[in-house]
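So the chains spell out like this:
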Amino acid sequence: MLRHVLIDTQESLDEFAARFRKLLDLPDQNASAYIRDQRRDGANRGGLYYYFEGQRFHFELMRNSGVSSVREDHDAPFYLWIHTGDAVDNEEAVDTMVRECIRILNSAGIAAEGCD
C-alpha cells in the first residue's frame, strides 16, 4: 500500500504548499479547531511543514530530510504523508488518494511518485 508521495520540485515549501492547495482545491484553513493553521512547525516533522485537511483525508507536506525523511536516498526535496486521521486508516482509500495525487501533480508538470 502506498502512503507517501515523493515530490521533486524547485519551489520552496511555502510556494509548493500554495500550489498543492490549489491543485487539490483544499480550503485555506483546516476544519479541526486544534489544527486550524496549515503552516506548522514541529521537531518531529523536521521543522516547518504543512498540514491540510480535505476530501476526507489529511495531507502532511514535509521536507524529505533528516528526522522526517521517508526516503533519504531519493532526490525529491518534499513528500506528502496521506492518511485519514483515524486510528486505523482505510488502506484502499489512502492508496487511491496517493495515486490520484500523483496523477494530479504529474499532470501539472510536477515530478511525483509513490512509496510506502
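Remember, it's a predicted structure, so these values are computed and weren't measured experimentally.

Student: An account of helix α2 (residues 91-107) is requested, with residue identities and associated values reported.
Tutor: In a regular helix each residue adds 1.5 Å, so 17 residues correspond to 24 Å; α2 covers 24 Å between its end C-alpha atoms and thus fits that length. Along α2, the residues that are buried comprise Ala93, Val94, Asp95, Met97, Val98, Cys101, Ile102, Ile104 and Leu105. Close packing links the buried residues of α2 with β1 (4-8), α1 (13-23), β4 (57-63), β5 (78-83) and β6 (111-115). Between the side-chain oxygen at the start of α2 and the backbone nitrogen of Glu92 there is a gap of 3.2 Å, and the oxygen is on Asn90. Of the residues flanking the end of α2, it is Gly109, one or two places downstream, whose phi is positive at about 85 degrees.

Student: How would you explain the nonpolar core if you had to name every residue and give the values?
Tutor: By size, the foremost hydrophobic cluster in this structure holds 28 residues, and its most contacted members are Val5, Ile7, Phe20, Phe59, Leu61 and Ile82. Secondary structure elements with two or more residues in this core: β1, α1, β3 (47-54), β4, β5 and α2. Sorting elements by how many residues they give to this core places α2 first, with eight residues. With residues near it in sequence (within four places) discarded, Ile7 still touches Phe16, Leu61, Ala76, Pro77, Phe78, Tyr79, Leu80, Leu105, Ile110 and Ala111.

What counts, and where the lines are drawn
Per chain, residue numbering runs from 1 following the sequence as it is written. Where totals are concerned, whole chains, interfaces and linings use all residues; where local detail is concerned, this predicted model gives features only for residues with pLDDT of at least 70, and gives and counts side-chain atom pairs only at 80 or more. The side-chain figures draw on all heavy atoms in the structure; neither hydrogens nor water molecules are used. Only runs of H or I of at least four residues qualify as helices and only runs of E of at least two qualify as strands under DSSP, and these elements are numbered from the N terminus. Expected span of a helix: the number of residues minus one, times 1.5 Å. Residue burial is assigned from relative accessible area. The probe radius is 1.4 Å, only protein chains are included, and a residue is buried under 20% of its type maximum, exposed over 50%, and partly exposed in between. Two residues form a contact once any of their heavy atoms are found within 4.5 Å. Distance and chemistry together define a polar contact, namely a pair of N or O atoms within 3.5 Å, with one atom able to donate a hydrogen and the other to accept it when in protein, and with adjacent residues in sequence counting only for side-chain atoms on both sides. Each nonpolar core is a collection of buried residues, namely Ala, Val, Leu, Ile, Met, Phe, Trp, Tyr and Cys, held together in the definition by side-chain atoms within 4.5 Å.

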